[in-house]
Structures are given as structure tokens and as C-alpha cells.
Amino acid sequence: MVTDSPAVSISGLRVKRGKVQVFDGLDLDLAPGRITGLMGPSGCGKSTLIRCIVGIQKVQGGSVSVLGLPAGTPSLRRRVSYSSQQASVYTDLSVSENIRYFARLYGLPASETDRVISAVGLDDQRKQRADDLSGGQLTRTSLAIALLGSPELLALDEPTVGLDPLLRAELWGIFRGLADSGITLIVSSHVMDEANRCDDLLLMRQGQIVAHTTPADLLTESGKSDPDEAFLELIRRHGDAPRHSLDTPNDVPETAPRHAQEDVR
Amino acid sequence: MRLFATAGRVLSQLRHDPRTVAMMALLPMLLVGLFSWIMPARLFDQVGPMLIALFPFTVMFIVTSIATLRERTSGTLERLLTTPLRKAELLFGYEIAFGLVAVLQATLVVSFAVYVCGLKIDGSLWVVGGTAVLNALMGTALGLLASAFARTEFQAVQFMPVFVFPQMALGGVFMPRSGMPDVLSAISDWLPLSYSIEAVQRASANVTGWDLGRPLLILVGVTLLALLLGSLTLPRRTP
């Protein structure tokens, strides 16, 4: 395992969103330079955990330290980048105008805009307005913004939702390249087959960590052959019988409707 | 640099929306033209300056409140607050962008009112135009603040009648504030639009010195206060 100090260190984290106690004393360390996959049904707290790490979630107690500093410290804004589940772009601007604006906020040159547009494969759409993009293209525009500059930690909330398998593979290729260069990635997904692409896995359910493991260990420990089955098995052992549906009824809609459409190229 | 990046971005958004630009630039002229047509010249000379003050304020208020509400609901605001952008840079970025639009708007409406509709203005056209721009900046600042109290664009649109119409009634558009019942006149002392109207009336009547400076200073003060309060409605951490 990694011997460096953790990229993210959380202790005793308590978060309440509305009337729901999402976390009640969460403890967690994430290793640097690795891809940690946050897996679990929607409503389990993945997005909230990511928001805590980025420092935009109001917390009731506990501590979250990121790259050795308290989450949300101003100097972390250049070192941590974030892409929310909802594609956070200006729909009335073109792809390149969107990315150029954020690049200027980080004080980056125009070449950086071109680099990230190519990285997410949107060269042909750069002049297109965001509201004319398909759901997958919109997600990639949002992701491109998160790739700007040289962040040390990327927190990506469901970056591959609504993408076709080919694009998904390409993006995971990018993530792998970033991790190989020493960048820490935290990527949430509720598609268990993406678990195999991560270095570490954090299986979550109802604000609790069911397991913090690796893809190989997940299968060995559970004695199952695919991650989906393995996850269900771990939940069973965790003491709480799985619900009929993995989705909790009171959770927020997983994505905006436009994400539902597959990305057609 | 980030300040101008934000102003540039807001202007790009406007450029992609020609209908809004047309509304901002042409609607004030259209209405001034309409008033000059239906009113006898003497009455138009009284009402004209108030129109010049009210349209920039109203248009900027509504455009900004919706633009910034979108920023809040689309997740772009949350994203901006994870970047090195400072809140003041965001707020003043909006002010610069809409301020430039206001300069264009004021130039058009003042020139049109005076040279086409024959509005008689005793004061300097530059001072009248400048007062219109200050009004627009105040409309932008109050629109930014108001957007915090709306959850949907539908609600934001409703602020216009709620916020603007009573101020018009009490601000001296329909009858002078001095002739109002004491209670109403006291209330109108606390409404920003009263000073917009006062400022533009005095500028048009060639009043100078402190009598013009006071209402103008109040406009600037309200603008800065609204921006300060507006920055408090942009928390980096949200529940």
C-alpha cells in the first residue's frame, strides 16, 4: 500500500442535509495518487462526501483535511478541482467560451482550453452552444473544466453517467493517466462495473462505509465473481438486509433528465 | 483579471441573446417615443426625465435577478466558488458588464428623447445620462440581491411588480413626494427609487452642487450596500 500521508483524512464527520442525518461520525483516509471509486446506491451519501472534500458542504462536526489542509482552505481552490453531478456550465455559451472563462479564472493560457477540449473529445463541438449539446457532451464539457490547470486532487461526481461505453473507456483512460502522474482521483459512480477500473473502492450505503477495499479484494472477500454480487454480499454481511431496490425512496433524482439520453456520436 | 473575465463572460452571454439586447436597447426608446406621442409637450418635459431614470433601473433589475438566479440554480455559482474567483470579483464583474450595457442604453435613450422626441432638458445631457447609468448600476446590484430570495425564475419575475411598482407610486412619478401624506412621504424617504427620480429631475433641471450630489451619493451608497448584502447571500458552503 501507499506510505505517503493520506490525500484526504476525515474524522468524526457529521453532516445533516435537511432533516436527514447523512453522516454521523464518519472516519476515512484516502490514499494519494490513486483512483478511489465511491460506489453505492443513489442517496447513500456519495455526493455529500465529495462536497465535504471540496469544502462546499456545511458540516455539523468533525474534520475533513485535504492535502494536509482543512477542506475549503482558499489555497486549495487551485489544487482541488470538482465536477458536480449536474453539468455546471453556462448553457447559453459555447463549449470553448465556457472553458475559456474558467481557464481565465485560474489564470491559464488559451492553449490550456484547447488541451482540455481535446482531452474530452469535443474538438468538433467547440463552437457549439452548450444547450445544443447532447447529455453526454454536456457532461464532458463540465468534466473538461475540472481538468483545467494542474490540480492535485480531482473530485468527480458521476462523471461518466449517460456516456456510451467507448467514451466511458476513453475517460477512464484519462483518469488512469492522471493517477499515474501522481494525481489523486475520487470518482463516484453507481455503475458497479466501473469498480474494476479503480485502485481503491469505497462501498457506501446509507451514509456508512460498508467496505474500503480494492477491486481484487472485494471479489476475494465476498467469494463472488462480479462486483454487483460482491457488493450485495458485503451489505448482507454488514448486518442490514438489502432492500428490494437499491434506490432509497427519499433520495434526490440521480441526474437531470437530459443525462438520461445516451451520447450519440 | 478575473474581474474582467467575469464581465466578459456576462457580455458573451448577452451577445448570444440578441432579443434581450434588443429589449435593453430599444424598449426604453420605444416607450419614451410612445409617451412623447400621447402627452402634450409640457407634460412630457416633466415625465421624460423620470422615464430615463426608471427604465434602466427596471430593465437591469429584472435581467440581473434572473441571470444570477440561473447562476445559483444551474450549479455554476457553486462551481465558481470552488475556483480562485473572489465574491467581489463576481459581483463587480456583473456590475461592469451591465454598466457598459447601461452606458449604451443611456446614450440611446437620452439622444432619442432629446433629438427625436424634443424633450427639453435644461441640465447637461452628460449628467442626465450619467444619472441613468448610476440607476442601472443600482438596478443590477438590487437584482443580484433579490435573486437570493427567489427559488425559481417565475418567482424572480414577480419581484419586478412587487419591488418596482410601489416604489414608482411613492417615489414621485405620479405626484410629488412633498404633496403626499406624512406617512407615505416618510416611507418614500427610505426607498431607493425616490432618489433615482429626484436625481434625474434635478439633473434635468440643471440643479448642481449638493442638491444633485446628495441623491447621487445615495444611489451609489445603496448600490454598494446591496452588493455587500449580496455577497453575504453567496456562501461557499451550503447545507
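Our structure's up above, just so we're on the same page.
Presented here is an overview of the structure given in this document.

**Describing the overall build of chain A**
- Along chain A, the regular secondary structure elements total seven helices and ten strands.
- Considering only intrachain contacts with a sequence separation of at least 6, the fraction spanning at least 24 residues in chain A is 67%.
- A total of about 11,000 Å² of accessible surface is found on chain A, and carbon and sulfur atoms cover 50% of it.

**Some points on the packing of helix α3 (residues 41-73) of chain B against helix α7 (residues 153-170) of chain B**
All names here are of chain B.
- The contact between α3 and α7 brings their axes to 10 Å, and the two run at 155 degrees. On the basis of the axis angle, α3 is roughly antiparallel to α7. Between α3 and α7 lies a crossing of right-handed hand. For the pair formed by α3 and α7, the contact residues are Leu-54, Phe-57, Thr-58, Phe-61, Ile-62, Ser-65, Ile-66, Leu-69 and Arg-70 on the first element and Glu-153, Ala-156, Val-157, Phe-159, Met-160, Phe-163, Val-164 and Met-168 on the second.

**With respect to the sheet that holds strand β1 (residues 8-17) of chain A**
Residue and element names in this part refer to chain A.
- If you trace the four strands from one edge of the open sheet to the other, you get β2-β1-β4-β5, paired in antiparallel fashion. The sheet terminates laterally at β2 (20-30) and β5 (69-70), the two strands that pair on one side only.
- The pairing of β1 with β2 spans eight bridges and is classified as antiparallel. Note that in β2 the partner of Ile-10 across the bridge is Leu-28.
- Packing against the sheet, helix α1 (residues 46-54) makes contact with β1, β2 and β4 (61-66), and its axis sits at approximately 120 degrees to β1.

**So, the sheet that holds strand β8 (residues 184-189) of chain A**
Residues and elements named next belong to chain A.
- In space, the six strands of this open sheet follow the order β6-β7-β8-β3-β9-β10, with mixed pairing throughout. Two strands lie at the open edges of the sheet, namely β6 (80-83) and β10 (208-213), each paired on one side alone. Sheet twist, expressed as the average angle between the axes of neighbouring strands with direction ignored, equals 15 degrees.
- Note that strand β9 (residues 200-205) and β10 share five bridges and pair antiparallel. The residue bridging Leu-201 from the neighbouring strand is Thr-213, located in β10.

**Some details on a nonpolar patch on the surface**
- Together, Leu225(B), Leu228(B), Leu229(B) and Leu232(B) make up a nonpolar patch on the protein surface, roughly 410 Å² of accessible area in all.
- As for its position among the elements, Leu229(B) is in helix α10 (residues 210-232).

**Brief notes about the interface of chain B and chain A**
- Contacts between chain B and chain A engage 28 residues on the former and 33 residues on the latter.
- If you sort the residues of chain B by the area they bury against chain A, Arg79(B), Thr82(B) and Arg237(B) come out on top, with a joint share of 28%.
- Applying the counting criterion to the chain B and chain A interface returns three salt bridges.
- Residue Arg70(B) pairs with Asp92(A) through a salt bridge whose shortest N-O separation is 3.7 Å.
- There are 21 residue pairs in polar contact (both at pLDDT 80 or more) connecting chain B and chain A.
- The biggest single contributor to the side of chain B that touches chain A is helix α1 (residues 2-15) of chain B, with eight residues.
- Tallied by class, residues from the side of chain B that touches chain A come to eight nonpolar, eleven polar and nine charged.

What counts and what doesn't
- Residues numbered from 1 in each chain as written.
- Chains lettered and ligands numbered in written order.
- Predicted model: local features only at pLDDT ≥ 70, side-chain atom pairs only at ≥ 80, totals over all residues.
- Heavy atoms only, no water.
- Helix = DSSP H or I, 4+ residues; strand = E, 2+ residues; numbered from the N terminus.
- Contact = heavy atoms within 4.5 Å.
- Areas by Shrake-Rupley, 256 points an atom, 1.4 Å probe, with all protein chains shown as cover.
- Axes fitted to C-alpha atoms, helices over the stretch in contact; angles between N-to-C directions.
- Parallel < 35°, antiparallel > 145°, perpendicular 65-115°, else oblique.
- Left-handed = near helix turned anticlockwise from the far one by under 90°.
- Pairing = 2+ DSSP bridges.
- Patch = residues over 30% accessible without salt bridge, like charges linked within 9 Å, V, L, I, M, F, W, Y side chains within 5 Å.
- Salt bridge = Lys/Arg side-chain N within 4 Å of Asp/Glu carboxyl O.
- Buried area = accessible area lost by both parts, 1.4 Å probe.
- Polar contact = N/O pair within 3.5 Å; in protein donor to acceptor, adjacent residues only side chain to side chain.
- Nonpolar A, V, L, I, M, F, W, Y, C, P; charged D, E, K, R; others polar.

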